[in-house]
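Descriptive analysis of the structure
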Amino acid sequence: MKQSLDKSASRLEGAAAVRWRPLHLLAALEAVALALPTTLGGVMLVFAQVGTAYLASGILAAMLGLVLLHLLSLSSTRPAMFAARLFEATTLAAILGQLRLQLPGWGLQDTPEVRMAFLCLIAAGAGLVTGVLYLLRADRLTRYIPAPVFSGFSNSIAALLLMSQLGTLLRLWQGGESAWLLAVLAVTAATCMLGSRLRLPTLPAAAVGLGVGALLAQALGALGHPSLTLAGGALPTTVPLMLADFHALSDAAVRHLAVLGHVLVQAFILGVMAFINTTVTLEAVSLRDGQRFVGVGPRLLQSLGVSLASLLGSPVLTVSQQASLAAQRTVRLRPVTVFWTALLFALAYASGLVLWMPVAAVCGVMLADAWFFVDRGSARQLGRWLTRKPLSANAREDLALVVAVTFTAVAVNMVVAVVVGIVLGLLLFAMRNARKPVRHVWSGHQVRSNCARPRAELLALDAVAHHIKVFELEGDLFFASAGALQETVEAQVQDGQWVVLDWSRTRHVDTSVVQVVARLHSVLPRRHVVLLHAGVRASGPLAEAMADAVPPGATHADLDRALEVAENALLVGTAGRAQSPDGGAPEATVGFLRGLDEADRQRLVAAMRTVRYRAGQTVLREGDPSDELMLVLEGSASVVVRGPQGADIRLSTVLPGATLGEIGFLDRAPRSAEVVATTDLVLACLDRAQFDQMGADHPRIVQRLLANIAVDIAARLRSVSAMVAARNRV
């Protein structure tokens, strides 16, 4: 017992040593170096609309919020680093900019104090919205927002950063700042950030640019050229909440319903955007270390912390992907890392570090950051379109959506761009799935099953293959594509056909499509049409969705099995499998013996032994020696190989009259696949010793057998070539 306690104590001491290693402090330094510049930039964006005189108070609120959020994350199962990200800050700035135009219509004066009141209410409401969305598990729905919408948002931020920071530099110049001083600080900070990001990616680029800009500002100030800093020279003691004019909102002359509605709508929009970005960021961070949230409680606690920080007057603070990943490069994130981060943020503010940050240098860093916000994929597509190079239809539509979102954000505001992007994205999704539910329509001459058929059956199948029609579906099929699906199938189906709907490329269907399937099963049989479904696995979501609409036996796991069922039915219906004169084996089976007289047939049959297998038994194994040639007399078998995930992949089916193992028997290579009896199976087997002996005693028989095998192989190759040619003519 004592030894066990000693071991436990040693483990605890070792764990404590790991937790308090300097690596966690270094990781926290990495996170703060990235989070601090973006947070200061976000505060600048927001308070450029509120009033630059209150910028220092906004910085205080943001720093208090960062300390609070990191302390609240100490007990979280998913430690992460927080910052004021430019995406949400740009959106909040756009909301406040639009607000200034609406205040007089609501009976309010446009003053910085009134704007601060709206800032606190909208930002705090956004934090509550994120908590409600987490409670509703809405993070499962964010994956359905089209990627071009996010590309448009990213380009919008780049454009708005460019406009806002150039505007800030212009206002500084108009306020008396030296033009050359502003240019030197901004260009130096931007160049250092770009150089660090491109040449030294392991360093926090924003912190490098801002640090060099701050040192340069100090040097120029010592030479008699002072520059304006973020805090204006003194640490503030009040937060925007204490300065906001909430009394003006309660005045009797104010249109309270309009004010309340505006606050709720804007808080919802901002909260949804913050929620989406936080969800995507947490997923990216979790992929690195495998740590995830357990339960909803930690997320709700963090959302409450965001609301409290925003109520103080801070921009919305969310998880920073850059800061979190930068910290992860040093050590896996632990609560101790988060504690050091909170402490460093407090020290950064209390030490007056923000006093060293010149506004012009922050503008330069954010202008450089705008370059990295530009979506490279959409930029390349735009370049191809401008130079008249070919673009696919989907690429043109994606580019149009990106341009629409970007233009709306710049010409109107980011809030409207969010709505436009989501609406247009949903419309694009609906249009793509509605216009083309059927990817291809094939006839039986263009697609065949992999069933290994004798030459006689292949010839008979060629004559009736036009009675098979395959509709290859694609995409997520829902109500907008249901009507098009029904019209396409009914218009191209002729009476007396076998129709296969191939669902292999379809992921989801809704009840409208299921109703169309049920309607087809009701209408098509009246035209003597048999409807089958391929690519519907028994345990998959498609099978569950269509369970009540599809009759038993009409669904098949893949297209090959469905085609085989249709082909077999057509061959039986057209007497394609003629019986032998003695009523025994089918004529196709005797095709192996064609060209032999009765005496030679008897000699060959006498040399072959009969083997029986029950359904499910293995006939041949991959890698076995190819020392027997087999002829299927009764039943059927499947030729399968082992897939990369360990599942069996069916290559073909063999039916009565087909030979097994003829290729390996001829070239003496090991078996290349496994053969499993699908039903009770009867085989006639000719081993190599008997074959060689017959070649010595009756060479005429062996020559005829080889010729028959060659004819059957040639017939199968010719059938495949004809099928490929027919598909290429489409």
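Residues numbered from 1 in each chain as written. Predicted model: local features only at pLDDT ≥ 70, side-chain atom pairs only at ≥ 80, totals over all residues. Heavy atoms only, no water.

A few points about the overall build of the protein
Scanning the protein for helices and strands turns up 27 helices and 15 strands. The buried share of the protein, reckoned over its 730 residues, is 51%. Contacts in the protein between residues far apart in sequence, at least 24 positions, make up 82% of those at least 6 positions apart. (Helix = DSSP H or I, 4+ residues; strand = E, 2+ residues; numbered from the N terminus. Buried < 20%, exposed > 50% of the residue type's maximum accessible area, 1.4 Å probe, protein only. Contact = heavy atoms within 4.5 Å.)

A look at the pattern of salt bridges
Overall, the coordinates contain 12 salt bridges when judged by the stated rule. Among the ionic pairs, Glu-472 bridges to Arg-439, the shortest N-O distance being 2.9 Å. Here Glu-472 is found in strand S4 (residues 468-474), whereas its partner Arg-439 is found in strand S3 (residues 438-443), with 33 residues between them in sequence. For Arg-439, a relative accessible area of 27% puts it in the partly exposed group. It is possible to trace a salt-bridge network through shared partners that takes in Arg-439, Glu-472, Glu-474 and Arg-505. (Salt bridge = Lys/Arg side-chain N within 4 Å of Asp/Glu carboxyl O.)

Examining the confidence of the model for the protein
With 87% of its residues at a pLDDT of 70 or more, the protein shows a mean pLDDT of 81. Mean pLDDT across the elements of the protein bottoms out in helix H1 (residues 2-19) (41) and peaks in helix H9 (residues 240-243) (93). Scored below 50 in pLDDT, residues 1-20 makes five contacts in the model with residues more than four places away or belonging to other chains. A low-confidence stretch, residues 576-589 stays under pLDDT 50, and its non-local contacts, those more than four residues away or across chains, total 25 contacts. (pLDDT = per-residue confidence, 0-100.)

Considering the packing of aromatic side chains
Applying the stated criterion to the full structure yields four aromatic pairs. A ring pair is formed by Phe-339 and Trp-340, whose centres lie 6.3 Å apart and whose planes are at 65°; its orientation type is edge-to-face. Among the residues examined, Phe-339 registers a relative accessible area of 35% and is labelled partly exposed. Judged by relative accessible area, which is 23%, Trp-340 ranks as partly exposed. For the ring pair Phe-665 and Phe-691, a centre distance of 5.2 Å and an interplane angle of 85° mean the geometry is edge-to-face. Here Phe-665 is found in helix H25 (residues 662-667), whereas its partner Phe-691 is found in helix H26 (residues 688-697), with 26 residues between them in sequence. With a relative accessible area of 3%, Phe-665 lands in the buried category. Taking relative accessible area as the criterion, Phe-691 reaches 13% and is therefore assigned buried. Here Arg-376 stacks its cationic end above the ring of Trp-371, 4.7 Å away from the centre of that ring. (Phe/Tyr/Trp six-rings, centres within 6.5 Å; stacked < 30°, edge-to-face > 60°. Lys NZ or Arg CZ within 6 Å of the ring centre and 35° of its normal.)

Focus: the environment of Val-654
Inspection of the secondary structure puts Val-654 in strand S12 (residues 648-654). On the basis of relative accessible area, Val-654 is assigned to the buried category, the value being 2%. The spatial distance from the C-alpha of Val-654 to the C-alpha of Ala-637 is 5.4 Å, given a sequence separation of 17 residues. Ignoring anything within four residues of it in the chain, the contact list for Val-654 reads Ala-452, Val-632, Gly-635, Ser-636, Ala-637, Val-639 and Leu-660.

Some points on the nonpolar core
In terms of nonpolar packing, the biggest core is built from 115 residues, with Phe-47 and Phe-118 touching the most fellow members. No other element matches the 14 residues that helix H2 (residues 22-50) contributes to this core. Beyond its immediate chain neighbours, meaning those up to four positions away, Phe-47 contacts Thr-52, Tyr-54, Leu-55, Gly-58, Met-116, Leu-119, Pro-240 and Gly-313. Residues Val-489, Val-517, Ala-543 and Met-546 belong to the second largest nonpolar core, which totals 27 residues. (Core = buried A, V, L, I, M, F, W, Y, C linked by side-chain atoms within 4.5 Å.)

Remarks on the packing of H2 against helix H12 (residues 321-328)
Two elements in contact, H2 and H12, have axes whose closest approach is 7 Å; the angle formed by their N-to-C orientations is 160°. The angle between H2 and H12 falls in the class roughly antiparallel. In this structure, H2 crosses over H12, and the sense of that crossing is right-handed. Within the contact between the two elements, H2 uses Ala-27, Glu-30, Ala-31, Leu-34, Ala-35 and Thr-38 and H12 uses Gln-322, Ala-323, Ala-326 and Ala-327. (Axes fitted to C-alpha atoms, helices over the stretch in contact; angles between N-to-C directions. Parallel < 35°, antiparallel > 145°, perpendicular 65-115°, else oblique. Left-handed = near helix turned anticlockwise from the far one by under 90°.)

Describing unusual backbone geometry
Even without a glycine there, the phi angle at His-528 is positive, about 60°. Inspection of the secondary structure assignment puts His-528 in the loop between helix H20 (511-523) and strand S6 (530-534). With a phi close to 65°, Arg-668 is a non-glycine residue in the positive phi region. Mapped onto the elements of the fold, Arg-668 is located in the loop between H25 and strand S14 (674-677).

Some remarks on helix H5 (residues 112-135)
With 24 residues, H5 should reach 34 Å at 1.5 Å per residue; the first-to-last C-alpha distance of 35 Å fits that figure. Burial within H5 is extensive, with 18 of its 24 residues counted as buried. Within two residues after H5, Arg-137 carries a phi angle of roughly 55°, on the positive side. (Expected span 1.5 Å × (residues − 1).)

With respect to the side chain of Thr-318
Here Thr-318 is to be found in strand S2 (residues 318-319). For Thr-318, a relative accessible area of 4% gives the class buried. A polar contact of 3.1 Å, which involves the side chain of Thr-318, links it to the side chain of Arg-85. For Thr-318, the contacting residues outside a window of four places in its chain are Met-81, Phe-82, Ala-83, Arg-85, Glu-88, Ala-274 and Thr-278. (Polar contact = N/O pair within 3.5 Å; in protein donor to acceptor, adjacent residues only side chain to side chain.)

Re the sheet that holds strand S10 (residues 628-634)
Across the sheet, which stays open at both edges, the four strands sit in the order S8-S15-S10-S13 with antiparallel pairing between neighbours. With partners counted over all chains shown, the strands left at the sheet margins are strand S8 (609-613) and strand S13 (659-660), one partner each. With six bridges joining them, S10 and strand S15 (residues 681-687) adopt antiparallel strand pairing. Across the sheet, Glu-628 pairs through a bridge with Asp-687, a residue of S15. (Pairing = 2+ DSSP bridges.)

Observations concerning a nonpolar patch on the surface
A surface patch of nonpolar side chains, amounting to about 390 Å² of accessible area, comprises Leu-71, Leu-74, Phe-339, Leu-343 and Leu-347. Tallying contributions element by element places helix H13 (residues 335-350) first for the nonpolar patch, with three residues. Mapped onto the secondary structure, Leu-343 falls in helix H13. (Patch = residues over 30% accessible without salt bridge, like charges linked within 9 Å, V, L, I, M, F, W, Y side chains within 5 Å. Areas by Shrake-Rupley, 256 points an atom, 1.4 Å probe, with all protein chains shown as cover.)

Concerning the pairing of S14
Bridge count for strand S9 (residues 618-620) against S14 is two bridges, and the pairing is antiparallel. If you follow Leu-620 over to S14, its bridge partner there is Val-675. Relative to S14, strand S11 (residues 637-642) runs antiparallel, the two sharing four bridges. Paired with Ser-638 across the two strands is Val-676, which belongs to S14.

Quick notes on the sheet that holds strand S7 (residues 555-556)
A sheet is described by the order of its strands in space; here five strands give the open sequence S3-S4-S5-S6-S7, paired in mixed fashion. The strands lining the two open edges of the sheet, one partner per strand, are S3 and S7. Bridging between S4 and strand S5 (residues 498-505) involves six bridges; their strand directions are parallel. Bridging across to S5, Ile-468 finds its partner in Trp-498.

A closer look at the side chain of Glu-628
Secondary-structure assignment places Glu-628 in strand S10. A distance of 2.6 Å separates a polar atom in the side chain of Glu-628 from a polar atom in the side chain of Arg-609. Leaving out residues up to four positions away in the same chain, Glu-628 has contacts with Arg-609, Leu-660, Gly-661, Phe-665, Arg-671, Cys-685, Leu-686 and Asp-687.

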